Amino acid sequence: NAAGPRGNPGGPNPTKVAAARAAAMMSNPVHGLPFLPGTSFKDSTKTAFHRSQTLGYRNGYAVVRRPTVGIGGDRLQVSQLSQAELDELASKAPVLAYGQPKQAPRAEFIPAYVAFDKKVLKFDAYFQEDVPLSTEERYRIRRVNIYYYLEDDSMSVIEPVVENSGIPQGKLIKRQRLAKNDRGDHYHWKDLNRGINITIYGRTFRIVDCDKFTQVFLESQGIELNPPEKMALDPYTELRKQPLRKYVTPTDFDQLKQFLTFDKQVLRFYAIWDDTDSMFGECRTYIIHYYLMDDTVEIREVHERNDGRDPFPLLMSRQRMPKVLVENAKNFPRCVLEISDKEVLEWYTAKDFIVGKPLTILGRTFFIYDCDPFTRQYYKEKFGISDLPCIDVSKKEPPPVKQELPPYNGYGLVEDSAQNCFALIPKAPKKDVIKMLMNENKVLRYLAALESPIPEDKDRRFVFSYFLATDMISIFEPPVRNSGIIGGKYLGRTKVVKPGSSVENPIYYGPSDFFIGAVIEEPWSKARSSCTRIGQ
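Parameters at a glance
- Once a new chain begins, its residue numbering starts again from 1 and follows that chain's sequence as written.
- Local features are withheld for residues below a pLDDT of 70 in this predicted model, meaning they are given only at 70 or higher, and side-chain atom pairs are given and counted only at 80 or more; totals for whole chains, interfaces and linings count all residues.
- Side-chain measures were taken over the full set of non-hydrogen atoms in the model, leaving aside hydrogen atoms and water.
- By the criteria applied, helices consist of DSSP H or I runs no shorter than four residues and strands consist of E runs no shorter than two, each listed in order from the N terminus.
- When accessible area is computed with a 1.4 Å probe and restricted to protein chains, residues below 20% of their type maximum are described as buried, those above 50% as exposed, and intermediate ones as partly exposed.
- In this description, contact between two residues means that some pair of their heavy atoms is separated by no more than 4.5 Å.
- We get accessible surface area from the Shrake-Rupley algorithm with a probe of 1.4 Å; when it comes to residues, only the shown protein chains can shield them.
- Paired strands are those between which DSSP finds at least two bridges.
- Only the stretch in contact is used when fitting a helix axis, every axis being a line fitted to C-alpha atoms; angles between N-to-C directions are given from 0 to 180 degrees.
- Centres within 6.5 Å are what make two rings of Phe, Tyr or Trp a pair, Trp counting through its six-membered ring; a difference in plane orientation under 30 degrees is then read as stacked, over 60 as edge-to-face, and the rest as tilted.
- When the NZ atom of lysine or the CZ atom of arginine is within 6 Å of a ring's centre and also within 35 degrees of its normal, the charge is said to sit over that ring.

Peer 1: Got a minute to help me understand the overall build of the chain in this structure?
Peer 2: Assigned secondary structure in the chain consists of 9 helices and 22 strands. Buried positions account for 25% of the 536 residues belonging to the chain. For the chain, restricting intrachain contacts to residue pairs at least 6 apart in sequence, the fraction spanning at least 24 positions comes to 41%. Summing over all exposed atoms, the chain offers an accessible surface of approximately 40500 Å²; the carbon and sulfur share of this is 54%.

And the structure:
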């Protein structure tokens, strides 16, 4: 506000005006001036050229701060509202009486390998293959199925197997992404349609049709499908379908016709061979196959688990079986030479195999007890036999033999002797250990007299000892001088069986059988019919 150099009160100061202009030129260079020394000015008042700090802490938490000044301290000209807020204000509509409408939730993201899992597009196609070295055909048509896997945009080409074609068929191109051109592009499901040609590895395939799922999927994606085409026919295959030229043969039986008519048709019979009459013989089951195409017979063994036999599959290999031989052919060396029609009067045929009748083959008599459903249908149509039975040949198991113990021989205890009948290596019977520990060294002693019709035995006295731990009894006779009877041990320690008890369930003398006045019969001296009476 001071006066200027010419005395103009309130005029601007020229020095300050020049400094302001220099600062303006330095911050905002004049358009058109080159950025060279002398044409740019540096503000000497600026000394800090660092970037503003945008990170900080508030109440112990890291927060982000929006910078307000730039490099050199120049204030940034930014809006106070974020871009999202500005977009919301620009697109905000008047609010109705019910408030702001709620936005629909975003659809959940589903990856392609989940959305298109096990979804495959199938196209029917064919390709033409040249046949240069054949006089019957110049080219052949081979049908294929093209599969497109939506989950990873891979493709595979599979040729259906045709029986007796003589061509390696199956998977022609394994599953992979197939190149469409030389630029590295791959086939996409948008490139596939009916009535178009696609080239894969130098081979051109013609797509003629697709399945229902493929049609619905492509139409749902907005692809207009071409009308389906007819599958091209293979000229050689159509030639083979024409009726063959008929030839008149000198005989009514035609082996070629039999082979072509009954190819892969086999009659199956279930039979048994009962050899139990011979030593070490047994009853074994077999399966008899009769091949209708050449009237051959095959006998297969039926093996069971753990039957103890080697797993040989065949008892008799496939061959024609003679039924009636000529008289001079009985001594024919069949084990060395094959039998021809000259040695055989009649061969086995299908009418010889009847369910419920025996059949002798190579010296073994087989009994046929059942057959499969195809065999039943064949016999019904061919021979008019509709009631082939199913015979039960299972043998009932004999009743179990009751194991009886042999009579007691008097040696040792009955339990010890019975162990020889229960096991090859006998084991000692189990003892009551608790009873032995509780009654250890506990013995009951009684004095008894012998009751006998012999006068010399009336004065004999015996000492009975009953051991509570083992239920055993020992008898001791005190020696008497000049009695003529040698005293000592009369009976060693053992269990004594009561008279009348069986060998299977022996009943032994117990403590309750010994009391004053009781009569103890001696089973070991039945010949003398003596007994002992306890006195005290």
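Peer 1: Please clarify how the sheet that holds strand E6 (residues 170-176) should be interpreted in this entry.
Peer 2: Two orientations exist for strands paired in a sheet by backbone hydrogen bonds: parallel and antiparallel. Pairing within the open sheet is antiparallel, and its 6 strands lie in the order E6-E5-E4-E3-E8-E7. Each end of this open sheet is capped by a strand with a single partner; those strands are E6 and strand E7 (196-200). Each strand axis lies, on average, 30 degrees off the axis of its neighbour in the sheet, ignoring direction. Pairing between strand E5 (residues 154-159) and E6: 4 bridges, direction antiparallel. Residue Ile158 lies in a different strand from E6, and its bridge partner there is Lys171. Here helix H4 (residues 212-220) sits on the sheet and contacts strand E3 (120-130) and strand E8 (203-210); the angle it forms with E3, its principal contact strand, is near 110 degrees.

Peer 1: Is there a simple way to think about the environment of Phe205 in this case?
Peer 2: Mapped onto the elements of the fold, Phe205 is located in strand E8. Judged by relative accessible area, Phe205 falls into the buried class, the value being 1%. In sequence terms Phe205 and Phe127 are 78 residues apart; their C-alpha atoms lie 4.8 Å from each other. Ignoring sequence-local partners within four residues, the contact set of Phe205 consists of Tyr126, Phe127, Val144, Ile146, Val157, Ile196, Asn197, Ile198 and Ile200.

Peer 1: Even after reading the chapter, I still don't get the environment of Val144, so can you show me in this structure?
Peer 2: Summarising the element assignment, Val144 is placed in strand E4 (residues 139-149). Among the residues examined, Val144 registers a relative accessible area of 1% and is labelled buried. Taking the C-alpha atoms as reference, Val144 lies 9.1 Å from Gly170; in sequence the two are 26 residues apart. Excluding residues that lie within four positions of it along the chain, Val144 makes contacts with Phe123, Asp124, Ala125, Tyr126, Phe127, Val157, Ile158, Glu159, Pro160, Leu172 and Phe205.

Peer 1: Looking at this structure, I do not really get the packing of aromatic side chains. What am I missing?
Peer 2: Each aromatic ring pair is specified by the distance between its two centres and by the angle formed by the two planes. Scanning all chains against the criterion turns up 17 aromatic pairs. With centroids separated by 5.4 Å and ring planes inclined at 50 degrees, the aromatic side chains of Tyr290 and Phe353 adopt a geometry described as tilted. Here Phe353 lies in the loop between strand E14 (344-347) and strand E15 (358-361) and Tyr290 lies in strand E10 (residues 283-291), a separation of 63 residues in the sequence. For Tyr290, a relative accessible area of 1% puts it in the buried group. Exposure remark for Phe353: the relative accessible area of 1% places this residue in the buried category. Relative to Phe514, the ring of Phe464 has its centre 6.1 Å away and its plane inclined at 50 degrees; by these criteria the two rings are tilted. Here Phe464 is found in strand E18 (residues 461-467), whereas its partner Phe514 is found in the loop between strand E20 (488-494) and strand E21 (519-521), with 50 residues between them in sequence. A connected cluster of aromatic rings, assembled from ring pairs, spans Phe269, Tyr290, Tyr348, Phe353, Tyr378, Tyr379 and Phe383. Cation over ring: Arg364 sits above Trp273, and NZ or CZ is 4.0 Å from the ring centre.

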